[in-house]
Amino acid sequence: MALIRYFILVILLGAMICLPTGPVLAISPTEEDQILGTWKNIGFIYQGEFRLPLNPNLILLFEFHADGTNEIFWARQNEPGFCERKGKYSIIDHRLEDEVVWINPDNNIECSQDPDMRLGRKASNEIRFKDGKFHLYLSLAGDPFIYVFDRLPTDDRP
């Protein structure tokens, strides 16, 4: 009987030594946590290929806040005018649900042509996070068109 207890004790001690001392499962951040901050468009993926922005002077930013509000801002370097709006968002099953709740009254006149700059507009788009980048899925001529955004440092918004 003592021999059996000895073997059980050895097995238990061996198992305890082999157990990791930190958490067994790494908890990955939720999409709600990952999206917080300011994101700058660095290009897009179309027909499976990453491409730089068509207009290198375009600055397109998304900013997401923990209170469920967001902002879209875009302008062109060395050109007057900008477009800015605020929205309320949520993320459900890898989809960004977004409703425009405020339009900057000082927006450039051309902003009204952009569907994302219309008060009350609701949108639902797939999102993913890959390699530290934020991917926003749209469609162009039936093919996936994916905006790719890189996170900006906290105080780096133009």
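Relevant structure appears above.
What you see is a predicted model, and the numbers here were worked out from it, not measured in a lab.

Calculation criteria
Residues numbered from 1 in each chain as written. Predicted model: local features only at pLDDT ≥ 70, side-chain atom pairs only at ≥ 80, totals over all residues. Heavy atoms only, no water. Helix = DSSP H or I, 4+ residues; strand = E, 2+ residues; numbered from the N terminus. Buried < 20%, exposed > 50% of the residue type's maximum accessible area, 1.4 Å probe, protein only. Contact = heavy atoms within 4.5 Å. Salt bridge = Lys/Arg side-chain N within 4 Å of Asp/Glu carboxyl O. Core = buried A, V, L, I, M, F, W, Y, C linked by side-chain atoms within 4.5 Å. Pairing = 2+ DSSP bridges.

Draft legend 1. View of the overall build of the protein chain. Per the secondary structure count, the protein chain includes 2 helices and 9 strands. For the protein chain, the N- to C-terminal ordering of α and β elements is α-α-β-β-β-β-β-β-β-β-β. Considering the protein chain as a whole, with its 158 residues, one finds that 31% of them fall into the buried category. Within the protein chain, residue pairs in contact and separated by at least 24 positions form 45% of the contacts whose partners lie at least 6 positions apart.

Draft legend 2. Geometry of the pattern of salt bridges. Across all of its chains, the model carries 5 salt bridges by this definition. D98 is the partner of R85 in a salt bridge, and the nearest nitrogen-oxygen pair spans 2.5 Å. You can see R85 sitting in strand β5 (residues 82-92) and its partner D98 sitting in strand β6 (residues 95-103), a full 13 residues away along the chain. A relative accessible area of 1% places R85 in the buried class. Classification of D98 as buried rests on a relative accessible area of 9%.

Draft legend 3. Up close: the nonpolar core. Core analysis: the biggest nonpolar cluster contains 18 residues, and I35, W39, F64, L96, I127 and F134 have the highest contact counts within it. Elements with a minimum of two residues in this core: β3 (58-64), β4 (69-76), β5, β7 (122-130) and β8 (133-140). Excluding residues within four positions of it along the chain, F134 makes contact with I35, W39, F64, I127, R128, F129, Y147, V148 and F149. Counting 5 residues, the second-largest nonpolar core is a separate cluster that includes L61, F73, A75 and L152.

Draft legend 4. Representation of the pairing of strand β9 (residues 143-151) in the model. Relative to β9, strand β1 (residues 37-46) is paired through 7 bridges, and the arrangement is antiparallel. Bridging from a neighbouring strand, W39 pairs with R151 of β9. Of the strand pairs in this sheet, β8 and β9 are connected by 8 bridges, and their pairing is antiparallel. Note that in β9 the partner of H135 across the bridge is V148.

Draft legend 5. Layout of the environment of P105. Mapped onto the fold, P105 is located in the loop between β6 and β7. Separated by 22 residues in sequence, P105 and C83 place their C-alpha atoms 9.4 Å apart.

Draft legend 6. Focus on unusual backbone geometry. Unusually for a residue other than glycine, N78 sits at a positive phi of about 65°. Its location among the elements puts N78 in the loop between β4 and β5. Overall, the relative accessible area of 81% leaves N78 in the exposed class. Positive phi, normally seen in glycine, also occurs at A141, with a value near 55°. Along the chain, A141 turns up in the loop between β8 and β9. By relative accessible area, which is 73% here, A141 ends up exposed.

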